[in-house]
Amino acid sequence: MITCELCGEVTASRYLCGRHTVQLARRLGELPVLYAEVAECLVPRGHGWGEIVSTRGAAGPRSPLNEDVLDTVNSVRAAEVVRLWRVDVQRERWPQHSPPPPPADLAADCRWLAMELEWIVDHYPAAGELFREAGDLESAARTIVGDPAPRPQRLGTCVAITAEGVVCGAVVSRLPGQTRVTCRWCSYTYETARDWLALRHLQSDEVA
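Here we summarise the structure given alongside this text. Each chain carries its own residue numbering, running from 1 in the direction its sequence is written. Reporting in this predicted model follows two pLDDT cut-offs: at least 70 for local features of residues, and 80 or more for side-chain atom pairs to be given and counted; totals over whole chains, interfaces and linings ignore these cut-offs and use all residues. Hydrogens and water are ignored here; the side-chain numbers use all heavy atoms of the structure.

## Points about the overall build of the protein
Where helices and strands are cited, they refer to DSSP runs of H or I of at least four residues and of E of at least two residues respectively, numbered from the N terminus. For the protein, the count of helices and strands is 7 helices and 6 strands. Along the protein, helices and strands appear, N-terminal first, in the series α-β-β-α-α-α-α-α-β-β-β-β-α. Residue exposure (1.4 Å probe, protein chains only): buried if accessible area is under 20% of the type maximum, exposed if over 50%, otherwise partly exposed. By residue count, 38% of the 208 residues in the protein fall in the buried class. Only the protein chains shown count as cover for residues, with accessible areas throughout obtained via the Shrake-Rupley method and a probe of 1.4 Å. As presented, the protein carries roughly 12400 Å² of accessible surface, and 53% of it is formed by carbon and sulfur atoms.

If you want it as structure tokens, here you go:
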């Protein structure tokens, strides 16, 4: 008999109960959004790492950020943690013929884990630890961005021309206040006034 590693509920030979499976899926979906917001909240003054400041919740206009927080709560650290989980899950699932996954960002690794979630819950004994560590990453990010999680704003569909010579057409979204957005599908970056004007001008009437 297998019980949920988190609450002890008897499951149908699964390592997580249905409730905690849903929560893990939600966390994997929200982590990239949270850490994109973290990156927006930590803004350099322009004189090196020693003068990074927080743009939210500061006591004054230039309140210094705790260096311990900067070292532990950032998208690079989150990506490293999630990548290790992806490598381990892939090794457990395909032990005979599984090369290390190709380099990817936090969002791509979270998507991969989410797509493998059913297998993880059914066959991966460390599913509970994955849940806890994803929760730790979420909690750490919320110490910077606050609660609830920021919600992306839908801007329209990507108007960049792909290598195949067609318009990308993927949905483009950004967090409140974000001034630089990279399309997750074609990797085109919107950051100049011309980019934003083109994005708005070329939308269909129902999107613009």
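Next, the rest of the story.
## Quick look at the side chain of D195
Counting through the fold element by element, D195 comes out in helix α7 (residues 193-201). Two residue types count as positive, namely Lys and Arg, and two as negative, namely Asp and Glu; His and chain ends fall outside the count. By definition here, a salt bridge exists when the distance from a side-chain nitrogen of Lys or Arg to a carboxyl oxygen of Asp or Glu is within 4 Å. Lacking a salt bridge, the buried D195 has R194 as its closest oppositely charged neighbour, with an N-O distance of 7.0 Å.

## Observations regarding the packing of aromatic side chains
Any two of the Phe, Tyr and Trp rings considered here, Trp counted by its six-membered ring, make a pair once their centres fall within 6.5 Å; the pair's planes then place it as stacked at under 30 degrees, edge-to-face at over 60, or tilted in between. Here the structure, examined in full by the defined rule, presents 5 aromatic pairs. Ring plane angle 75° and centroid distance 5.0 Å describe the contact between Y188 and Y190, whose orientation is recorded as edge-to-face. By definition here, charges over rings are those cases where NZ of Lys or CZ of Arg is within 6 Å of the ring centre and within 35 degrees of the ring normal. The aromatic ring of W196 is capped on one face by R174, whose charged end is 5.1 Å from the ring centroid.

## Some remarks on the environment of Q203
Along the chain, Q203 turns up in the segment after α7. Along the primary structure Q203 and G156 are separated by 47 residues, whereas in three dimensions their C-alpha atoms are 6.6 Å apart.

## Considerations on the layout of surface pockets
Only protein atoms enter the 1 Å grid used here. Points where a 1.4 Å probe fits but cannot escape make up a cavity, open sets with protein on both sides within 12 Å along at least five of seven lines make up a pocket, and a residue lines them when an atom lies within 4 Å of a point. Grid points are joined across faces, edges and corners, and a volume is the space filled by probe spheres set on the points. Roughly 870 Å³ of internal volume is contained in the largest pocket. As for the largest pocket, its lining consists of 27 residues, and the residues nearest its centre are P32, A36, Q178, T182 and R184. Among the elements that take part in the lining of the largest pocket, helix α1 (residues 18-41) stands out by supplying 6 residues, more than any other. Along the lines of polarity and charge, the residues of the lining of the largest pocket split into 17 nonpolar, 4 polar and 6 charged. Three classes are used, and their members are as follows: Ala, Val, Leu, Ile, Met, Phe, Trp, Tyr, Cys and Pro are nonpolar, Asp, Glu, Lys and Arg are charged, and the others, Gly among them, are polar.

## Comments concerning the packing of helix α3 (residues 75-93) against helix α6 (residues 127-145)
The angle between the axes and the distance between the axes are what describe a pair of packed helices. Packing of α3 against α6 brings their axes to within 11 Å, and their N-to-C directions diverge by 170°. If you check the angle between α3 and α6, you find them roughly antiparallel. In this structure, α3 uses A78, V81, V82 and W85 to contact α6, whose residues at the interface are E129, L130, E133 and L137. Of the residues belonging to the contact of α3 with α6, the class tally is 6 nonpolar, no polar and 2 charged. Helix axes are fitted to C-alpha atoms over the stretch in contact, other axes to C-alpha atoms as well, and angles between N-to-C directions run from 0 to 180 degrees. Oblique is the label for any angle not under 35 degrees, not over 145, and not in the 65 to 115 range, which are roughly parallel, roughly antiparallel and roughly perpendicular in turn. By definition, residues are in contact when any of their heavy atoms lie within 4.5 Å.

## Quick notes on the environment of G18
Mapped onto the elements of the fold, G18 is located in helix α1. The exposure class assigned to G18 is partly exposed, which follows from its relative accessible area of 47%. For the pair G18 and V121, spaced 103 residues apart in sequence, the C-alpha to C-alpha distance is 9.4 Å.

## Brief notes about the nonpolar core
We define the nonpolar core as a collection of buried residues of types Ala, Val, Leu, Ile, Met, Phe, Trp, Tyr and Cys that are connected through side-chain atoms lying within 4.5 Å of one another. Counting residues in hydrophobic clusters, the biggest one holds 33 residues, and the most contacted among them are L24, Y35, L113 and I120. Mapped onto this core, the elements with two or more residues apiece are α1, α3, α4 (106-115), α5 (117-123) and α6. The greatest single-element share of this core, amounting to 8 residues, is contributed by α6. Counting 9 residues, the second largest nonpolar core, distinct from the first, contains A160, V172, Y190 and L199.

## Details of the pattern of salt bridges
A side chain with one charge can pair with a side chain of the opposite charge if their charged atoms come near. Taken as a whole, this structure holds 13 salt bridges when the rule is applied. A salt bridge links R86 to D109, with the nearest nitrogen and oxygen atoms 2.7 Å apart. Residue R86 is located in helix α3, and its partner D109 is located in helix α4; the two are separated by 23 residues in the primary sequence. The shortest N-O distance in the salt bridge between E129 and R132 comes to 3.6 Å. Of this pair, E129 and R132 both sit in helix α6, 3 residues apart, roughly one helical turn. When its relative accessible area of 36% is taken as the criterion, R132 is described as partly exposed. Each of R26, R27, E30, E138 and R142 takes part in a single network of salt bridges with overlapping partners.

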